[in-house]
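Spelled out, the chains give:
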Amino acid sequence: MFSCQPSFAHYALEDLEKEGKLTGIVTTNVDCMHTIAGSENVAEIQGS
């Protein structure tokens, strides 16, 4: 898990957040990829 990198989708969501088109991300993934990609308002609702 820790050797993986964020995908294009993670970075696309981060761009939308920075543009003000997305207020946050709710995910069941607990791999921190959204945060690593740069998203600031992430809710990982499973396991954290």
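Our structure's up above, just so we're on the same page.
Note that the structure is a prediction, hence the values are computed from the model and not measured.

Engineer: How should I be thinking about the environment of Thr23 in this particular structure?
Structural biologist: Of note, Thr23 is situated in the loop between helix H1 (8-18) and strand E1 (25-27). Owing to a relative accessible area of 71%, Thr23 belongs among the exposed residues under this scheme. Taking the C-alpha atoms as reference points, Thr23 and Pro6, 17 residues apart in sequence, are found 19 Å from one another.

Engineer: Any chance you could explain H1 here in plain terms?
Structural biologist: At 3.6 residues per turn, the α-helix brings residues three or four places apart onto the same side. Those residues of H1 not exposed but buried are His10, Glu14 and Glu17. Viewed end-on, H1 has its buried residues packed into an arc of 60°, placing them on one side of the element. For H1, the secondary structure elements touched by its buried residues are helix H2 (33-37). Within two residues after H1, Gly20 carries a phi angle of roughly 80°, on the positive side.

Engineer: Got a minute to help me understand unusual backbone geometry in this structure?
Structural biologist: The bulk of non-glycine residues show a negative phi, and the bulk of peptide bonds are trans. For Cys32, which is not a glycine, the phi torsion comes out positive at approximately 65°. As for its placement among the helices and strands, Cys32 is situated in the loop between E1 and H2.

Engineer: When you look at the side chain of Glu44 in this model, what are you seeing that I'm missing?
Structural biologist: Locating Glu44 in the fold gives a position in strand E2 (residues 42-44). Buried Glu44, no salt bridge; nearest opposite-charge side chain is Lys18, N-O distance 17 Å. Side-chain polar atoms of Glu44 contact the backbone nitrogen of Cys32, separated by 3.1 Å. Setting aside anything within four residues of it in sequence, one finds Glu44 in contact with Thr27, Asn29, Val30, Asp31 and Cys32.

Parameters at a glance
- Numbering of residues starts from 1 in every chain and runs along the sequence as written.
- For a predicted model such as this one, the threshold for reporting local features is a pLDDT of at least 70, and the threshold for listing and counting side-chain atom pairs is 80 or more; totals across whole chains, interfaces and linings nevertheless cover every residue.
- Working from all heavy atoms in the structure, the side-chain values ignore hydrogens and water.
- Only DSSP runs of H or I reaching four residues or more are called helices, and only runs of E reaching two or more are called strands; each is numbered from the N terminus.
- Three exposure classes are used, based on accessible area relative to the maximum for each residue type with a 1.4 Å probe and protein chains only: buried under 20%, partly exposed in between, and exposed over 50%.
- Starting at the helix axis, one direction is taken to each C-beta atom, and the arc is that of these directions.
- We call two residues in contact whenever any of their non-hydrogen atoms come within 4.5 Å of each other.
- Under the counting rule used here, the positive set is Lys and Arg, the negative set is Asp and Glu, and His together with the chain ends is not counted.
- We define a salt bridge as a side-chain nitrogen of Lys or Arg found within 4 Å of a carboxyl oxygen belonging to Asp or Glu.
- Each polar contact in these results corresponds to two N or O atoms within 3.5 Å; when the atoms are within protein, one needs to be able to donate a hydrogen and the other to accept it, and residues that are neighboring in sequence are counted only if both atoms are side-chain atoms.

Remember, this is a structural readout, not a statement about activity or role.
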